[in-house]
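# Structural characterization, general
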Amino acid sequence: MSLPRRTAVRAVWAASVLLCLAGPAGRAQKTACREWFERAESAREGGRLPESVSLFERALRCDPGRADGWWGLGSVLYELDRYAAAAHAFLQVTRLAPQKGDGFAMLGLCEAKLGRSREALVHLARGRRLGLRNDAAFARVVWFQEGMLLLEQGRHGEAQERF
């Protein structure tokens, strides 16, 4: 057997050993991640918002590909008036779930709080176009904020449509 072929065979063997060893550990890690997310949500529901933030952050270090985890973190940060950090979380939501309007709408709301009017208008409008969840209060907030931003820009006709 030639040296490059022998090296390739060893690499495949080493990879298969690692996969075998990682199998149960991978399942254990997924279980641990799920438990962190559940604890974070429980802390949020219990009104323990700072604790919820740290639990969501830990869970997302474990599994950063969960749009619902970023949504949970962003929501808690928004409730705590930590808009820059919330905007980062909702940006992750839009990257992981670009077909859902709620993430864009929340990103736009955060940007409005941060004084980033142009970006906020773009994201609020995109959120509306993609569709918002079936929550009339949330939709009213999105429409109202978009209207206020349009007024600031002197786009009175468009703003009136939102109001």
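The coordinates are above.
Residues numbered from 1 in each chain as written. Predicted model: local features only at pLDDT ≥ 70, side-chain atom pairs only at ≥ 80, totals over all residues. Heavy atoms only, no water.

## Things to note about helix α6 (residues 117–130)
- When the terminal C-alpha atoms of α6 are compared, their 20 Å separation across 14 residues agrees well with the 20 Å that a helix rising 1.5 Å per residue should span.
- Of all the positions in α6, only S117, A120, L121, H123, L124, A125 and G127 are classed as buried.
- Turning to α6, the residues buried within the fold contact α5 (101–113) and α7 (136–152).
- Of the residues one or two after α6, G131 is the one with positive phi, at around 110°. (Helix = DSSP H or I, 4+ residues; strand = E, 2+ residues; numbered from the N terminus. Expected span 1.5 Å × (residues − 1). Buried < 20%, exposed > 50% of the residue type's maximum accessible area, 1.4 Å probe, protein only. Contact = heavy atoms within 4.5 Å.)

## Looking at a nonpolar patch on the surface
- A cluster of nonpolar side chains, F144, M148, L151 and F163, forms an exposed patch at the surface whose accessible area comes to about 370 Å².
- By secondary structure assignment, the location of F144 is in helix α7.
- The exposure class of F144 is partly exposed, given its relative accessible area of 46%. (Patch = residues over 30% accessible without salt bridge, like charges linked within 9 Å, V, L, I, M, F, W, Y side chains within 5 Å. Areas by Shrake-Rupley, 256 points an atom, 1.4 Å probe, with all protein chains shown as cover. Salt bridge = Lys/Arg side-chain N within 4 Å of Asp/Glu carboxyl O.)

## Thoughts on α5
- Taking 1.5 Å of rise per residue, the 13 residues of α5 would be expected to cover 18 Å, and the 19 Å separating its terminal C-alpha atoms lies within 8% of that figure.
- Within α5, 12 of the 13 residues are buried, which leaves the element mostly enclosed by the surrounding structure.
- Those residues of α5 lying buried are G101, D102, G103, F104, A105, M106, L107, G108, L109, C110, E111 and A112.
- Where α5 is buried, its residues touch α3 (67–79), α4 (83–96), α6 and α7.
- Once α5 finishes, G115 follows within two positions and takes phi at roughly 80°, a positive value.

## Overview of the environment of R155
- Here R155 shows up in the loop between α7 and α8 (156–162).
- Not counting residues within four places of it along the chain, the set of residues in contact with R155 comprises L121 and L150.

## Some remarks on the environment of G103
- Locating G103 in the fold gives a position in helix α5.
- The class of G103 is buried, set by a relative accessible area of 3%.
- Placed 33 residues apart in sequence, G103 and W70 show a C-alpha to C-alpha distance of 9.6 Å.
- Aside from chain neighbours lying at most four places away, what touches G103 is W71, F90, V93 and T94.

## Examining the pattern of salt bridges
- Inspection of every chain in the model, using the stated rule, returns 6 salt bridges.
- Here E51 and R48 are joined by a salt bridge, their closest N and O atoms 2.8 Å apart.
- Here the residues in one salt-bridge network are E41, R44 and E79, joined through shared partners.

## Points about the packing of aromatic side chains
- In the structure shown here, the tally under the stated rule is 2 aromatic pairs.
- Plain terms: the ring middles of Y78 and Y83 are 5.1 Å apart, the flat faces sit at 70° to each other, and that makes the pair edge-to-face.
- Residue Y83 is classed as buried on the basis of its relative accessible area of 16%.
- Looking at R66, its charged tip hangs above the ring of F37, at a distance of 3.9 Å from the centre. (Phe/Tyr/Trp six-rings, centres within 6.5 Å; stacked < 30°, edge-to-face > 60°. Lys NZ or Arg CZ within 6 Å of the ring centre and 35° of its normal.)

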